[in-house]
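Architecture and fold: a report
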Amino acid sequence: MTTSIATQPVALVTGAAQGVGFHIASRLHQAGYRVVVTDINVDAAQTAANQLDSSGATAMAVGLNIASKSDYQQALDAVIDRWGSVQVLVNNAAVTRATPVMEISLEEFNEVVSINLGGCFGGCQVMGAYMAEQGFGRIINMASLAGQNGGTSTGAHYAASKGGIITITKVFAKELAASGVTVNAIAPGPIESPMVKALVPEERLPGLLANIPAGRLGDADFIGDMVVQLARPEAYFTTGTTWDVNGGLFMR
Ligand SMILES: NC(=O)c1ccc[n+]([C@@H]2O[C@H](COP(=O)([O-])OP(=O)(O)OC[C@H]3O[C@@H](n4cnc5c(N)ncnc54)[C@H](O)[C@@H]3O)[C@@H](O)[C@H]2O)c1
């Protein structure tokens, strides 16, 4: 990486105030990126950005609700205004619900799919168009094992949204390939994170671990390192893929 801050590449991560998103932002920052920490909770995003760089020189916070396409445009404009360009987008934000399938109302189903899948779609459109104009870009979408196997602890709406993310990753990858923009997905199984702790009560954890061939939860920093790898200029030949990180729960 370069030594001058002004020439450090810029990565924007959604839902980066906590959990896996914060680990991704941290690993990108450690790899030499200027990082835009975005979240629907702007105060939490600011706290997270301060943790990366309290001077603000290499980390900034921006409020971004992924359900709003105009939020992506405003965030992009704000970053270009401050740092000149963006090279990497990580569509990480999502809502996780675990309602049993027969109890999910159509409204709840549509809401979760709209936020998770619609949000990722809007981000790919806005940032993909900008990156294509620049002739370079890296988009990494957070999918999930649930999008591949239907889910275990999570709901049908969440699983459907994540399956959809794997599909639109391929669609945008084809659309943007000739413009120097790659689009890939990462599909984690259960990761050591506040979300899994919230979803799986302490007493159910041994049962969850017993079902994972690797016998333990996944590491959020490793997900961050996968993002760093996919964001490298040398990753130009990898697009439309989904990288599995699930302890052996799903093999293909
Ligand atoms: N934790 C896991 O085990 C796991 C497994 C598979 C996939 N994932 C995926 O990884 C990503 C991060 O998961 P996590 O466990 O860190 O989740 P999390 O719930 O801990 O964090 C999600 C973040 O997104 C933000 N957010 C929620 N709605 C938003 C919106 N509309 N706009 C912008 N930000 C919003 C929240 O404020 C929060 O900071 C998600 O896409 C999730 O589906 C996580």
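Preceding block: the structure.
What comes next concerns the included structure. Not measured: the values here are computed from a predicted model.

As a rule of thumb, nonpolar side chains are buried together in soluble globular proteins. Core analysis: the biggest nonpolar cluster contains 34 residues, and Leu 12, Val 36, Val 79, Val 86, Met 131 and Ile 139 have the highest contact counts within it. Counting residues per element, the ones that place at least two in this core are strand 1 (10–13), strand 3 (59–63), helix 3 (69–83), helix 4 (106–134), helix 6 (156–176) and strand 6 (181–188). Broken down by element, the residue count for this core peaks at seven residues, all from helix 4. Among all residues touching Ile 139, those that are not within four sequence positions of it are Leu 89, Asn 91, Cys 124, Gly 128, Met 131, Leu 176, Val 181, Thr 182, Val 183 and Asn 184. By size, the runner-up hydrophobic cluster in this structure holds 31 residues, among which are Leu 28, Ala 48, Leu 52 and Ile 223.

On to the site of the ligand, then. Lining the immediate surroundings of the ligand are 27 residues, of which Gln 18, Val 20, Asp 39, Asn 92 and Tyr 158 lie closest. Between an oxygen atom of the ligand and a side-chain N or O atom of Asp 39, the distance comes to 2.6 Å. Here Ile 66 contributes a backbone N or O atom positioned 2.9 Å from a nitrogen atom of the ligand. Relative to its free-state accessible area of 830 Å², the ligand is covered by the protein chains to the extent of 90%. When contributions to the shell around the ligand are tallied by element, the ones reaching two or more residues are helix 1 (19–30), helix 6 and helix 7 (194–199). By residue class, the composition of the shell around the ligand is 17 nonpolar, eight polar and two charged.

Thresholds, definitions, all that
- Residues numbered from 1 in each chain as written.
- Predicted model: local features only at pLDDT ≥ 70, side-chain atom pairs only at ≥ 80, totals over all residues.
- Heavy atoms only, no water.
- Core = buried A, V, L, I, M, F, W, Y, C linked by side-chain atoms within 4.5 Å.
- Buried < 20%, exposed > 50% of the residue type's maximum accessible area, 1.4 Å probe, protein only.
- Helix = DSSP H or I, 4+ residues; strand = E, 2+ residues; numbered from the N terminus.
- Contact = heavy atoms within 4.5 Å.
- Near = heavy atom within 4 Å.
- Polar contact = N/O pair within 3.5 Å; in protein donor to acceptor, adjacent residues only side chain to side chain.
- Areas by Shrake-Rupley, 256 points an atom, 1.4 Å probe, with all protein chains shown as cover.
- Nonpolar A, V, L, I, M, F, W, Y, C, P; charged D, E, K, R; others polar.

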